[in-house]
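Below, each chain spelled out in residue letters.
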Amino acid sequence: MLEIKDLNVKLKKETLLEDINLKLLSGELNIIIGPNGAGKSTFLKSLIKIVDIYKGEIFLDNRNLTKSSINELSKDIAYMAQFNQNSNLNTIDVLEISRRKHSGFTLKNKDHDLIEEIIKEFELQKFLHRNIDTLSGGERQKIFLAAAIIQEPKVLLLDEPISHLDPKNQIEMLEIIKRKTKENNFITITVLHDLQNALHYANKIIMLKNKRIIDFQDSLNVDEKMVSKLFEIPCKLFWQEGHPFSFFGHSHDELHKNRHSHKKENNDT
Ligand SMILES: Nc1ncnc2c1ncn2[C@@H]1O[C@H](COP(=O)(O)OP(=O)(O)OP(=O)(O)O)[C@@H](O)[C@H]1O
């Protein structure tokens, strides 16, 4: 279990996170949703100490991580950033370097087997010896996701891991994240802007707004009122055959009415 107690983050005089309290379970996918600038990325960064914690404590399986350095934390926590930096490395180098965080400098046969497995799972064969700086945004995002998962961490932190992917790749990556979380008992925390995918794949939804957690729910219990309050826009939400559908504040003004009737006329002729 990852237990976060009264976590506060300040940058100079500005408070970026206030009184965050959470208990997150192994084997569960927790998805953070919330408006731009709410503090979602800052929260992930505070757990891996890219930003300093001003107040509060973090416990992993009752071990106090609050005073651990980034290097110590990276044995237990893998982090995929929202914006990938250029690195001038080939894909295979990125995967091998990531696996070393788990197994130490000398990789064994079983590490190479796992790397092979991940390459197939993420369909990275074509890019193995390509410099990742030359790859597309989506290709790169898949590699960094594979690199985070291959560390087999206790805690997996993913900041908008599918933002550059097409719909098929988005679904495939979310399926992999969910399955690996369960199989490997990861405590996964993912930031996502897509509400439908968040509700479909998450075990738990963390709602972050104005530096605070305003709700923490089983994804099946999330309702329209909570989402409308979070994003300050009317939201319609319904489930069909196990799939959530959401619509945000569409206005039905003259402009839209004209557009719809125009479309209907075209279809009629
Ligand atoms: N290094 C920094 N210096 C100044 N302000 C910062 C810094 N890092 C973050 N902030 C501010 O803290 C707030 C939270 O930022 P954060 O990136 O955590 O938001 P977010 O919820 O991830 O937003 P988004 O959905 O837009 O990615 C923002 O107002 C941001 O401008």
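The structure presented is a predicted model; accordingly, all values stated were derived computationally and were not measured. (Residues numbered from 1 in each chain as written. Predicted model: local features only at pLDDT ≥ 70, side-chain atom pairs only at ≥ 80, totals over all residues.)

> Can you help me understand the environment of H102 in this one?
Relative to the helices and strands, H102 resides in helix α3 (residues 91–103). Note: C-alpha distance between H102 and E152 (50 residues apart in sequence) is 6.8 Å. The contacts of H102, once residues within four sequence positions are left out, are Q151 and E152. (Helix = DSSP H or I, 4+ residues; strand = E, 2+ residues; numbered from the N terminus. Contact = placed C-beta atoms within 7 Å.)

> Would you mind going over the sheet that holds strand β1 (residues 2–11) with me for this structure?
Within a sheet, adjacent strands bond to each other through the backbone by hydrogen bonds, running parallel or antiparallel. What the four strands build is an open sheet, ordered β2-β1-β4-β5; its pairing is antiparallel. Pairing within the sheet leaves two strands with one partner each, and these edge strands are β2 (14–24) and β5 (63–64). Two elements, β1 and β2, share seven bridges in a ladder whose sense is antiparallel. Within β2, the position partnered with L11 by the bridge is E14. Helix α1 (residues 40–47) rests against β1, β2 and β4 (55–60) of the sheet, and its axis sits at about 70° to β2. (Pairing = 2+ DSSP bridges. Axes fitted to C-alpha atoms, helices over the stretch in contact; angles between N-to-C directions.)

> Help me out: how do you make sense of unusual backbone geometry in this one?
Across residues other than glycine, the phi torsion is negative in most instances, and most of the peptide bonds are trans. Residue D61 is not a glycine yet carries a positive backbone phi of 50°. By the element assignment, D61 lies in the loop between β4 and β5. Overall, the presence of 12 C-beta atoms within 10 Å leaves D61 in the exposed class. (Buried ≥ 20, exposed ≤ 12 C-beta atoms within 10 Å, placed from the backbone.)

> Would you explain the pairing of strand β7 (residues 155–159) in this entry?
Both faces of the sheet carry side chains from a regular strand, because those side chains alternate between them. Of all five residues that make up β7, five are buried, and the element is covered over most of its length. Here β7 shows a buried face lined by V155, L157 and D159 and a second buried face lined by L156 and L158. As paired strands, β7 and strand β8 (residues 187–191) are joined by five bridges and run parallel to one another. Residue pairing for β8: L158 is matched across the bridge by T190. Each parallel crossover has a hand, and the one from β7 via helix α6 (residues 167–184) to β8 is right-handed. (Right-handed = clockwise from strand over helix to strand, strands pointing away.)

> What is the right way to look at the pairing of β4 in this model?
With five bridges joining them, β1 and β4 adopt antiparallel strand pairing. From the neighbouring strand, K5 faces β4, where its bridge partner is E57. Counting the residues that bridge the hairpin from β4 to β5 gives two residues, and of these D61 lies at a positive phi of roughly 50°.

> Can you help me understand the nonpolar core in this one?
Across soluble globular proteins, you tend to see nonpolar side chains buried next to one another. Grouped together as the largest cluster of nonpolar side chains are 63 residues, with contacts concentrated most on I33, A146, A148 and L157. The residue makeup of this core includes at least three contributed by each of domain 1 (2–76 + 153–243) and domain 2 (89–152). With near-sequence residues (within four places) excluded, L157 lies in contact with L44, L47, I48, I77, A78, Y79, M80 and I189. (Core = buried A, V, L, I, M, F, W, Y, C linked by C-beta atoms within 7 Å. Domains from an automatic or database assignment.)

> Would you take a moment to explain the site of the ligand for this structure?
Surveying the vicinity of the ligand reveals the residues L11, L16, G34, N36, G37, A38, G39, K40, S41 and T42. Within the shell around the ligand, the residues separate by chemical class into three nonpolar, six polar and one charged. (Near = placed C-beta within 6 Å. Nonpolar A, V, L, I, M, F, W, Y, C, P; charged D, E, K, R; others polar.)

> Please explain α6 as it appears in this structure.
Every α-helix carries 3.6 residues per turn, so stepping three or four residues along brings you back to the same face. Along its 18 residues, α6 runs 26 Å from first to last C-alpha, staying within 8% of the 26 Å computed at 1.5 Å per residue. Within the span of α6, buried status applies to M173, L174, I177, K180 and T181. An end-on view of α6 places all buried positions within 135° of arc, on one side of the element. In α6, the exposed positions that point more than 90 degrees away from the buried face belong to P167, K168, E175, R179 and E183. Here the buried face of α6 lies against β3 (28–33), α5 (137–149), β7, β8 and α7 (195–201). Two residues or fewer after α6 comes N185, characterised by a positive phi angle close to 60°. (Expected span 1.5 Å × (residues − 1). Arc of directions from axis to C-beta.)

> Which parts of the structure should I look at to understand the sheet that holds strand β6 (residues 77–80)?
Reading across the sheet, the six strands line up as β6-β7-β8-β3-β9-β10 and stay open at both edges, with mixed pairing between neighbours. At either margin of the open sheet sits one strand with a lone partner, and together these are β6 and β10 (212–218). Geometrically, the sheet is characterised by an average inter-axis angle of 15° between neighbouring strands, direction not taken into account. Bridge count between β3 and β8: five bridges; the pairing is parallel. Along β8, the bridge assignment pairs I31 with T190. Of the strands in this sheet, β3, β7 and β8 are in contact with α6, which crosses β3 at around 135°. Each of β3, β9 (204–209) and β10 touches helix α8 (residues 224–231); the most contacted strand, β9, lies at about 30° to it.

Honestly, it's all geometry; don't read function into it.
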